[in-house]
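# Structural overview for review
Chain by chain, the residues run as shown.
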Amino acid sequence: MIDLSPIAINGHTFLAVTVLLPKTTLLTVSNDKGYIMCGALDVGLLNEKLKDRKIIAGRAVGVRTIDQLLNAPLESVTLEAEELGIHQGMIGKDALLKMV
């Protein structure tokens, strides 16, 4: 199953996506500038092999719901996210607000 739903954070709209897969769930919250995602995100790949795409993203681990993703500290972030002031340890929803 795939669930897509808009969510508001401090008056800004983001798209929350939940994908239920066998033995795992993929979670993302995004806007047109960037996104945060569950542990399935490979930040190293984005920073190294896809560096030219300048992807703004953050990764939280151990989350199982969108609410947990929004409230979890980010375990890692891309280089482009760091340039926006998003950093490791920042709460997911605070990182998203830096993307508006």
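Look above for the structure.
Because the structure is a prediction, the values reported are computed rather than measured.

### Let's talk about the pairing of strand β2 (residues 12–21)
As judged from the eight bridges shared by strand β1 (residues 2–9) and β2, these two strands associate in the antiparallel manner. Following the sheet pairing, Ile 2 is matched in β2 by Val 19. As paired strands, β2 and strand β3 (residues 24–30) are joined by seven bridges and run antiparallel to one another. Paired with Val 17 across the bridge in β3 is Thr 28. Counting the residues in the hairpin turn of β2 and β3 gives two residues, including Lys 23, whose phi is positive at 65 degrees.

### A closer look at unusual backbone geometry
The backbone of Asn 10 shows a phi angle near 50 degrees, a positive value even though the residue is not glycine. Relative to the assigned elements, Asn 10 resides in the loop between β1 and β2. Within the chain, Lys 23 stands out as a residue other than glycine whose phi angle is a positive 65 degrees. Of note, Lys 23 is situated in the loop between β2 and β3.

What counts and how
Residues numbered from 1 in each chain as written. Predicted model: local features only at pLDDT ≥ 70, side-chain atom pairs only at ≥ 80, totals over all residues. Heavy atoms only, no water. Pairing = 2+ DSSP bridges. Helix = DSSP H or I, 4+ residues; strand = E, 2+ residues; numbered from the N terminus.

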